[in-house]
Each structure stands twice: as structure tokens, then as C-alpha cells.
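As a plain string of letters, each chain reads:
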Amino acid sequence: MSTSTHTSGSGSGSFGPTPSQTVGPFYGYALPFEGGGDIAPAGHPDTLTLHGHVYDGAGHPVPDAIVETWQPAPDGSRAGKPGSLRHDPVTGRVVGRNGVDFTGFGRVPTDADGHWAVRTLPPGGVPYISVAVFARGLLHHLCTRAYLEDTGDALLTSLDAGRRATLIAAPESGSSRAYRFDIRLQGEGETVFLEFR
């Protein structure tokens, strides 16, 4: 990459590219919003819970990560509905969802134990929920998928059994409506992350 020479009133010099900055943890005060994990309309009978922990390379929980989820509606629609990030017209503050419409988008911070949870509806047309992770030390957010079942999906079949297992959410024992999906940022058992071009 070439550098450019800048001239100002105080002199001139050559400068290299500005270095990248990490994506966290300074975002925690602005990005989360109340009800960010309540994607399913209140009281919907098909609500399922997707939850887990975010772990660093040493296996320690990450208490200041942000997890976003994106998915189609149960009918397979990807258009979504506006409303996840509604703002108060007076203060401009995010007031969150109206509790009725399904938008397909969730955003939650991890707690002190690195735990996160969203309550949503089953995705239509695909067997997974898309997940993005923002955490300290990352130069870019990480993208992955939480599969609700081990299917013949092209991505899953391209991976060996150990790597494939990092993408499959485990049904909680005794519940058909709750799934555990831990995210390991690096190290042993690192979650498979996807690169989009």
C-alpha cells in the first residue's frame, strides 16, 4: 500500500495508513437496546430460545461481547418488518420493539458470565439462524450460523465432524423449545466463522 505526502501549514511529511481499531468493548453503552433479545412477538406459542456463552481462546467467558442474530420469518420471508430499533420521537433514544411484529433481528450483550439469549421463532426455508459477534480484541465482527438441526446443508457437509459440531445448537434436555449454542472465539473447539466477500 502506498503512502501519500500531506502538506499543511506546519510542514509536510509522509504518513502510512491509519491502523485498525478493535470493535470493542466500547460499544456496550450504545448498541444494546431494551428487549433486543425478544424477537418473537410476546406470547407467541412457537417461541424458541437460543442461548449460550461466548468464550475467549483460553476458555474464559467474555462478559462484554455483543451477539446479533438475523433470520427469515417462519414463512421464509426475508423482507422483515421495521421496528426493532424504534426511537422515542422526543428524546431520540432507542425504545425497541412494539412487541407485536417479527423483525428477524436481535442484538444482546453478554452478561458477567459471558451468557447471551434470544427468544425467537423458527426460521423458515433454512435450518439455521445467522449470528454475528462483536468482542474486545477483534478487528472485525465474526459471522457464523447456529443450526437448529444437523442437515445436509452444503456448509455442514463440507466440514469434518468436529468442525461441523461447532455450528450445531444442542437441544436442551427436557425442552423442545430451547437450544444451547456456545461461541468459542479461538483455540480448541473454535467456532467455524464465515467470510463474506
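Predicted model, so just to flag it, every value in this text is computed and none were measured.

Caption draft 1: Quick peek at the pattern of salt bridges. Here the structure, examined in full by the defined rule, presents 6 salt bridges. With a closest N to O distance of 3.1 Å, Arg 136 and Asp 64 form a salt bridge. Taken as a pair, Arg 136 in the loop between β7 (128-134) and β8 (142-147) and Asp 64 in the loop between β3 (48-55) and β4 (66-70) lie far apart in primary sequence, 72 residues in all. For Asp 64, a relative accessible area of 25% translates into the label partly exposed.

Caption draft 2: Just the sheet that holds β4, in detail. Strand order in the open sheet formed by 4 strands is β5-β4-β7-β8, with antiparallel pairing between adjacent strands. Looking at strand neighbours, the two that pair on one side only are β5 (105-109) and β8, the edges of this open sheet. Averaged over all adjacent pairs, the angle separating strand axes in this sheet is 25°, with direction ignored. As paired elements, β4 and β7 share 5 bridges and run antiparallel to each other. Its bridge partner being in β7, Thr 69 is matched across the sheet by Val 131.

Caption draft 3: Geometry of the layout of surface pockets. Taken as a whole, the largest pocket spans an internal volume of roughly 180 Å³. Along its surface, the largest pocket is lined by 14 residues, and Trp 70, Gln 71, Pro 72, Arg 78 and Gly 104 are the ones closest to its centre. Considering each element in turn, the lining of the largest pocket owes the most residues, 3 residues, to β7. Split by residue class, the lining of the largest pocket holds 7 nonpolar, 6 polar and 1 charged.

Caption draft 4: Focus on the environment of Thr 69. For Thr 69, the location among the structural elements is in strand β4. C-alpha of Thr 69 to C-alpha of Val 118: the two residues are 49 residues apart in sequence and 8.2 Å apart in space. Apart from the residues within four sequence positions on either side, Thr 69 is in contact with Ile 39, Gly 104, Phe 105, Gly 106, Val 118, Ile 129, Ser 130 and Val 131.

Caption draft 5: How the structure looks around the packing of aromatic side chains. Inspection of the entire model under this criterion finds 2 aromatic pairs. Between the aromatic rings of Tyr 128 and Tyr 147, the centroid separation amounts to 5.2 Å while the plane-to-plane angle is 55°, which identifies the pairing as tilted. Note that Tyr 128 is positioned in strand β7 and Tyr 147 in strand β8, a separation of 19 residues in sequence. You can call Tyr 128 buried: its relative accessible area is 12%.

Caption draft 6: Region of the structure containing the nonpolar core. Membership of the largest hydrophobic core comes to 28 residues, with the highest contact counts inside it found for Leu 50, Val 54, Trp 116, Phe 181, Ile 183 and Leu 185. When contributions to this core are tallied by element, the ones reaching two or more residues are β3, β6 (115-120), β7 and β8. Contacts of Ile 183, omitting those with residues within four sequence positions, involve His 53, Val 54, Tyr 55, Trp 116, Val 131, Val 133, Thr 191 and Phe 193.

Procedures and definitions
- Residues numbered from 1 in each chain as written.
- Predicted model: local features only at pLDDT ≥ 70, side-chain atom pairs only at ≥ 80, totals over all residues.
- Heavy atoms only, no water.
- Salt bridge = Lys/Arg side-chain N within 4 Å of Asp/Glu carboxyl O.
- Helix = DSSP H or I, 4+ residues; strand = E, 2+ residues; numbered from the N terminus.
- Buried < 20%, exposed > 50% of the residue type's maximum accessible area, 1.4 Å probe, protein only.
- Pairing = 2+ DSSP bridges.
- Axes fitted to C-alpha atoms, helices over the stretch in contact; angles between N-to-C directions.
- 1 Å grid on protein atoms, 1.4 Å probe; cavity = no way out; pocket = protein on both sides within 12 Å on 5 of 7 lines; lining within 4 Å.
- Points joined across faces, edges and corners; volume = space filled by probe spheres on them.
- Nonpolar A, V, L, I, M, F, W, Y, C, P; charged D, E, K, R; others polar.
- Contact = heavy atoms within 4.5 Å.
- Phe/Tyr/Trp six-rings, centres within 6.5 Å; stacked < 30°, edge-to-face > 60°.
- Core = buried A, V, L, I, M, F, W, Y, C linked by side-chain atoms within 4.5 Å.

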